[in-house]
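Architecture at a glance
Below, each chain spelled out in residue letters.
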Amino acid sequence: MTISVYIPLIVTVVLAVLAPRAARRPAPRPAAWSLACAALVTAAGWLGSLALLAFTGFAQIPEVAEEGHWSVAALRTQDPVSLAVAAVSALTLAAGLVSLGVAAVRQGRHVLWARRECHRVPGDSELVVLDDEIPQAFALPGSPGRIVVSRGMLRCLGDAEREALLAHERAHLRGRHHLFQAVWRLTAAVNPLLRPLAEAGGFVLERWADEEAAAHVGSRTVVARAVGRAALASVGASRPAALAATGGAVPQRVRALLAPPPTRRALPFVAGALLLTLCCASLANAASDSESLVESAERAQCAADAEAQGTGRPVWRPDVCCDRRGGDEHGSHRR
């Protein structure tokens, strides 16, 4: 267990470093699904490893061992997890769970706000045009979702670019991209190391919508022009437009649209799947080892109690029993 329990932590670090760069190259739709799966699995592996480390460390405290009816000496001999490592793991685990709770509340409020806004905007059509000169365009998830565009944004774009912009926003609603964002926000709250995955995921979602818009209008150049003009108009409303040409992910999106469509690459997905499989297998192995250690420590404590009483016979307890006669060990049973 000493090695296997740390593997999910190592896999998390490796994916946090490599996945964001690798996800920008293949087709954006499978890349988004891969990042979401990677975030979920590594976050679960992170919490599981921390929980096992905290438990196996604190299980060696005499007062805890007395309550659990197992041998501290047996645990220390078979699994030398120090109290310092257990304490750090426990604190990190608690901080991650608290952060997850806070992020979940915020995410819930955000979803409720979006649904309220969907019902508050006038009309019942999918497209809502705001009488506002400030350029803005966004999608509100709901049942059904709404696309909100201001007149200021529409004036900045030509007819073909408007169609591309609306196709982009429809792709966000059709693909339920807000659910992907929720997954990345919650997993990043559990483990800050996963924030690069969340940032890369936001870019991949925009690329996903860009590619669907390009397929809808039949021109990658039109979509690139629409993305660039919309970004310049939006940023220029609050700060100098010159900052938009070099800031954010818009230049990368435009370059991707002006290039040929991305090809499907199997290698990044296969490598990621192997790492996630290793994470799950290692966590399962560590959990199994932890259970075996506790059972072995319980049997050792039973044998020690029997020897202390000078009987050499099984010591029966309400929750644990063991039998060691003639050097034979018949296991541990719970009632």
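Small disclaimer: the values here were computed from a predicted structure and weren't measured.

**Describing the UniProt feature "transmembrane region" (unreviewed entry) in the protein**
Taking the UniProt record as the reference, the feature "transmembrane region" (unreviewed entry) is found at residues 6-23, 35-61 and 81-105. For the annotated span residues 6-23, helix accounts for 94% and strand for 0% of the residues, and the straight-line distance between the end C-alpha atoms is 25 Å.

**Looking at the pattern of salt bridges**
Scanning the model with the defined rule gives 11 salt bridges in all. Of the charged contacts, one joins Glu212 and Arg174 as a salt bridge, the two residues approaching to 2.7 Å between their closest N and O atoms. Residue Glu212 is located in helix H9 (residues 195-217), and its partner Arg174 is located in helix H7 (residues 159-174); the two are separated by 38 residues in the primary sequence. Look at Glu212 and you get partly exposed, because its relative accessible area is 22%. Salt bridges sharing partners connect three or more residues here, namely Glu161, Arg225 and Arg229.

**As for a nonpolar patch on the surface**
Judged by side-chain polarity, Tyr6, Ile10, Val13, Val14, Val17, Leu18, Val85 and Leu193 come together as a nonpolar surface patch covering roughly 640 Å² of accessible area. Per-element accounting of the nonpolar patch gives the leading share, 5 residues, to helix H1 (residues 7-23). Note that Leu193 resides in the loop between helix H8 (177-190) and H9.

**Some thoughts on the sheet that holds strand S1 (residues 127-130)**
Ordered by their spatial adjacency, 3 strands build an open sheet running S1-S3-S2, and the pairing between neighbours is mixed. The open sheet is flanked by S1 and strand S2 (137-140), the only strands paired with a single partner. Between one strand axis and the next, the sheet turns by 20° as a mean value, whatever way the strands run. Relative to strand S3 (residues 146-150), S1 runs parallel, the two being bridged by 4 bridges. Bridged to Val128 within S3 is Val148.

**Some thoughts on unusual backbone geometry**
Not every positive phi belongs to a glycine, and Arg176 is a case in point at roughly 50°. Examined against the element boundaries, Arg176 turns out to sit in the loop between H7 and H8.

**Some details on helix H5 (residues 83-120)**
Taking 1.5 Å per residue, 38 residues should reach 56 Å; H5 reaches 55 Å between its end C-alpha atoms and fits that length. Listed as buried for H5 are Ala86, Ser89, Leu93, Gly96, Ala103, Gln107, Ala114, Glu117 and Cys118. Lining the buried residues of H5 we find helix H2 (28-58), S2, S3 and H8.

**Re the environment of Arg207**
Following the sequence through the fold, Arg207 ends up in helix H9. Exposure remark for Arg207: the relative accessible area of 7% places this residue in the buried category. Excluding residues that lie within four positions of it along the chain, Arg207 makes contacts with Pro28, Arg220, Arg253, Ala256, Leu257 and Pro262. A distance of 2.7 Å separates polar atoms of two side chains, one belonging to Arg207 and the other to Glu211.

**Description of the layout of surface pockets**
The gaps of empty space that remain are located by a probe, the size of a water molecule, rolled over the atoms. The space that makes up the largest pocket amounts to roughly 760 Å³. Lining the largest pocket are 35 residues; nearest its centre among them are Ala137, His168, Glu169, His172 and Glu206. Of all the elements in the fold, those that place two or more residues in the lining of the largest pocket are H5, S2, H7, H8, H9, helix H10 (220-236) and helix H11 (250-258). When its residues are assigned to classes, the lining of the largest pocket shows 21 nonpolar, 9 polar and 5 charged. As a volume, the second largest pocket reaches approximately 380 Å³. Forming the boundary of the second largest pocket are 19 residues, of which Leu15, Ala19, Pro268, Phe269 and Gly272 lie nearest the centre. Of all elements in the fold, only H1, H2 and helix H12 (267-309) reach the threshold of two or more residues within the lining of the second largest pocket. Residue contributions to the lining of the second largest pocket peak at 7 residues, all from H12. Its residues placed into classes, the lining of the second largest pocket shows 17 nonpolar, 2 polar and no charged.

Parameters and conventions
Residues numbered from 1 in each chain as written. Predicted model: local features only at pLDDT ≥ 70, side-chain atom pairs only at ≥ 80, totals over all residues. Heavy atoms only, no water. UniProt positions renumbered as here; feature names shortened; annotations may be inferred. Helix = DSSP H or I, 4+ residues; strand = E, 2+ residues; numbered from the N terminus. Salt bridge = Lys/Arg side-chain N within 4 Å of Asp/Glu carboxyl O. Buried < 20%, exposed > 50% of the residue type's maximum accessible area, 1.4 Å probe, protein only. Patch = residues over 30% accessible without salt bridge, like charges linked within 9 Å, V, L, I, M, F, W, Y side chains within 5 Å. Areas by Shrake-Rupley, 256 points an atom, 1.4 Å probe, with all protein chains shown as cover. Pairing = 2+ DSSP bridges. Axes fitted to C-alpha atoms, helices over the stretch in contact; angles between N-to-C directions. Expected span 1.5 Å × (residues − 1). Contact = heavy atoms within 4.5 Å. Polar contact = N/O pair within 3.5 Å; in protein donor to acceptor, adjacent residues only side chain to side chain. 1 Å grid on protein atoms, 1.4 Å probe; cavity = no way out; pocket = protein on both sides within 12 Å on 5 of 7 lines; lining within 4 Å. Points joined across faces, edges and corners; volume = space filled by probe spheres on them. Nonpolar A, V, L, I, M, F, W, Y, C, P; charged D, E, K, R; others polar.

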